[in-house]
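Structural description and commentary
Read off the chains here:
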Amino acid sequence: MSHQKLKVAIVGASGFTGSELARLLLNHPDVSISIITSESHVGKPFSDLHPQFFNRLDIPLESADQVSKMDLDVIFLALPHGVSMDFVAKWKDLGAKIIDLSGDFRLSSKDVYEEWYQKKHSYPIGFSEAVYGLPELFAKKIADARLVANPGCYPTASILSLAPLYAKQLVEEGSVIIDAKSGLTGAGVKANPTTHFSNVNENFKAYGIAGHRHTIEIEEQLGGIAGSNTTVQFTPHLLPVDRGILVTSYAKLKTEMNQEKLTEIYAEYYQDKPFVRLRNQAPGIKDVRGSHFCDVFPTWDERTQKVISISVIDNLLKGAASQAVHNMNLMFDLPEATGLNHIPLKP
Ligand SMILES: NC(=O)C1=CN([C@@H]2O[C@H](COP(=O)(O)OP(=O)(O)OC[C@H]3O[C@@H](n4cnc5c(N)ncnc54)[C@H](OP(=O)(O)O)[C@@H]3O)[C@@H](O)[C@H]2O)C=CC1
Ligand SMILES: CC(=O)N[C@@H](CCC(=O)OP(=O)(O)O)C(=O)O
């Protein structure tokens, strides 16, 4: 891009995904970071809070109030759900495009949101405007969007593990089980009793059983791909690692299958999707750590006559920050991989 760089704001830069956005956007050739915000650390240099940015991004954090005074092309909201919606409402006429990393606009309606999030929604009109920001499925719509609802981390890995089967309407309704595990950064920067070291160290536990809010996000998207409603059984677990999500999805199919055909279906669906890597062995979370990849490994179990599809992502990247940058690239007609070609950080 030979013209002016995109002027961006990162709102909620003191958090985990906000700081990952800063890291990616600092190295993005078409972006200039205009403002980074935090309400708890106004005036503090960003690198005091996140020392990995020392001598690279030392500008002070400002209050989000300052955002509306600036000339911006894109605003990233890295805020908790229930908070983002008020900023989307407040800044709707600013002219900047908004990419919201929270769950506030991912679902189909206010009623569905209020049922699953157990929270009032203050800006329901946003549901009709927001585009679900999963580039592998909605690149064209994202390109025209003004408001993008960046997907949840578990839904990203879960949807990508099963999308090729739903797209061909192969899944036997009611048969899908999604067994998911996440690293601790998925829970945000603030410590709480569940994420306390003594509760997670050498421990491993399920949570959100039979009602986690990501269940409906996954169901709405997979149902949308198939063109009919679907119900899935989704159970998340907290892993004693800092980052990474591993999903194992199980499905019964309506038709006969074998390994060769299954691999072909996935390969065809993801053939021009640069960030989904179809693997020939079970992937681990370290295979994608620090990268924008989602690695997928579909297996046909001849004995049980079921698909077992394993997917892995870095929750802070493909599950949040790099997916947001991918969406920005699409919204501003940049090559989709700009600033995202990282090789995973293994070991
Ligand atoms: N972590 C992950 O793996 C993923 C997270 N997400 C979603 O992305 C969003 C950000 O997540 P994450 O970075 O983990 O969250 P963190 O808890 O790490 O950070 C949240 C940020 O929001 C700011 N904030 C909190 N309350 C307010 C408020 N009332 N007004 C303005 N700012 C506020 C905090 O800043 P301060 O206190 O300094 O003001 C903090 O910087 C969330 O909605 C999360 O659900 C999505 C996918 C994956
Ligand atoms: C490990 C962990 O706690 N993960 C979070 C989900 C991650 C996330 O931030 O998702 P949203 O963007 O939809 O809020 C959870 O289960 O609530």
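Numbers given for residues are sequential positions, taken from 1 along each chain in its written order. Ligands are numbered from 1 and chains lettered from A, in the order in which they are written. Under the rules for a predicted model, residues below a pLDDT of 70 receive no local features and side-chain atom pairs below 80 are neither given nor counted, while totals for whole chains, interfaces and linings still include all residues. Side-chain calculation: all heavy atoms of the structure are included, whereas hydrogens and water are not.

**What about the layout of surface pockets?**
Note the threshold: Note on definitions: the grid is 1 Å and covers protein atoms alone; a cavity is a set of points where a 1.4 Å probe fits but cannot get out; a pocket is an open set with protein on both sides within 12 Å along at least five of seven lines; lining residues have an atom within 4 Å of a point. Grid points are joined across faces, edges and corners, and a volume is the space filled by probe spheres set on the points. Secondary structure elements are taken from DSSP: a helix is a run of H or I of four residues or more, a strand is a run of E of two residues or more, and numbering for both begins at the N terminus. Three residue categories are used. Nonpolar comprises Ala, Val, Leu, Ile, Met, Phe, Trp, Tyr, Cys and Pro, charged comprises Asp, Glu, Lys and Arg, and polar comprises the others, including Gly. The start and end points of each domain follow an automatic or database-based domain assignment.
Counted as a void, the largest pocket has a volume near 1,400 Å³. Lining the largest pocket we find 50 residues, and of these L79, P80, A187, G188 and V189 sit closest to its centre. Listing elements by their share of the lining of the largest pocket, those giving two or more residues are α1 (16-26) and α7 (153-167). Here the residues of the lining of the largest pocket are counted per class, giving 20 nonpolar, 25 polar and five charged. Mapped onto the domain boundaries, the lining of the largest pocket takes at least three residues apiece from domain 1 (6-151 + 320-331) and domain 2 (154-313). Counted as a void, the second largest pocket has a volume near 210 Å³. Lining the second largest pocket are 13 residues; nearest its centre among them are R106, A130, V131, Y132 and Q221. Listed by contribution, the elements that provide at least two residues to the lining of the second largest pocket are β5 (131-132), α6 (135-143) and α9 (214-226).

**Description of the site of ligand 1**
Defined as follows: One heavy atom within 4 Å of a molecule or strand is enough for the residue carrying it to be called near that molecule or strand. For this analysis, a polar contact is any N or O atom pair within 3.5 Å, provided that within protein one partner can donate a hydrogen and the other can accept it, and provided that sequence-adjacent residues contribute only side-chain to side-chain pairs. In short, Shrake-Rupley with a 1.4 Å probe defines the accessible areas, and a residue's cover is counted only from the protein chains shown. Whether a molecule sits in a cavity or pocket is decided by its atoms, more than half of which must lie within 2 Å of the grid points.
Near ligand 1, the surroundings consist of 26 residues, among which S14, S38, E39, S40 and L79 are the closest. Between ligand 1 and S38 there is a distance of 2.6 Å, counted from an oxygen atom to a side-chain nitrogen or oxygen. N315 is positioned with one of its side-chain polar atoms (N or O) 2.9 Å from an oxygen atom of ligand 1. Considered on its own, ligand 1 offers 900 Å² of accessible surface; in the complex 82% of this is hidden by protein. When atom positions are compared with the pocket grids, ligand 1 is found to occupy the largest pocket. Split by residue class, the shell around ligand 1 holds ten nonpolar, 14 polar and two charged.

**A look at the domain arrangement of the protein**
In plain terms, the rule: Note on contacts: a residue pair qualifies if any of its non-hydrogen atoms lie within 4.5 Å across the two residues. When two parts are brought into contact, each loses some accessible area as probed by a 1.4 Å sphere; the total of that loss over both is the buried area. What counts as a salt bridge is simple: a side-chain nitrogen of Lys or Arg found within 4 Å of a carboxyl oxygen of Asp or Glu.
One can read the domain layout of the protein as domain 1 (6-151 + 320-331) and domain 2 (154-313). For domain 1 versus domain 2, the separation of C-alpha centres amounts to 25 Å. Counting residues at the interface gives 21 residues for domain 1 and 25 residues for domain 2. Interface area for domain 1 against domain 2, summed over the two sides, is near 2,000 Å², with a carbon-plus-sulfur share of 62%. In terms of surface lost to domain 2, no three residues of domain 1 exceed F16, W116 and E136, which account for 35% of the buried area on that side. Scanning the region where domain 1 abuts domain 2 turns up two salt bridges.

**What to know about the nonpolar core**
Applicable threshold: Among buried residues, the Ala, Val, Leu, Ile, Met, Phe, Trp, Tyr and Cys ones that are joined through side-chain atoms within 4.5 Å form a nonpolar core. Think of it in three bands: with a 1.4 Å probe and only protein chains considered, a residue is buried below 20% of the maximum accessible area for its type, exposed above 50%, and partly exposed in between.
Counting 41 residues, the largest nonpolar core has V8, L21, L25, F76, I99 and M328 as the members making the most contacts within it. Within the residue set of this core, elements represented by two or more residues are β1 (6-11), α1, β2 (31-37), β3 (74-77) and α11 (321-331). For this core, the leading source of residues is α11, giving six residues. Here this core gathers at least three residues from each of two domains, domain 1 (6-151 + 320-331) and domain 2 (154-313). Not counting the four nearest positions on each side in its chain, I99 is found in contact with V74, I75, F76, L77, V148, N150, A324, N327, M328 and M331.

**With respect to the sheet that holds strand β6 (residues 147-149)**
Formally: Strands were regarded as paired on the criterion that DSSP finds at least two bridges between them. Lines fitted to C-alpha atoms define the axes, with helix axes restricted to the stretch in contact, and inter-axis angles between N-to-C directions lie between 0 and 180 degrees.
Taken in spatial order, the six strands line up as β2-β1-β3-β4-β6-β5 in an open sheet, and their pairing is parallel. With partners counted over all chains shown, the strands left at the sheet margins are β2 and β5, one partner each. Sheet topology note: the strand β4 (residues 97-100)/β6 ladder contains three bridges and is parallel. From the neighbouring strand, D100 faces β6, where its bridge partner is A149. Seen against the sheet, α1 touches β1, β2 and β3 and runs at an angle of roughly 160° to β1.

**A short note on the sheet that holds strand β9 (residues 233-238)**
Overall, mixed pairing links the seven strands, which are arranged β8-β9-β7-β10-β13-β12-β11 in an open sheet. Each of the sheet's edge strands pairs with one partner strand only, and the pair in question is β8 (205-206) and β11 (276-278). Taken together, the two bridges between β8 and β9 define a ladder with antiparallel strand orientation. Bridged to A206 within β9 is H237. Running over the sheet, α7 touches β7 (177-182), β9, β10 (245-252), β11, β12 (294-301) and β13 (306-313) and is turned about 35° from β10.

**Observations concerning the UniProt feature "active site" (unreviewed entry) in the protein**
Let me state the cut-off plainly: UniProt positions are given in the numbering used here, feature names are shortened, and annotations may be inferred rather than shown by experiment.
Mapped onto this structure's residue numbering, the UniProt feature "active site" (unreviewed entry) falls at C153. Note on placement: C153 falls in helix α7. Residue contacts for C153: discarding those within four places in its chain leaves H214, I245, I313, N315 and G319.

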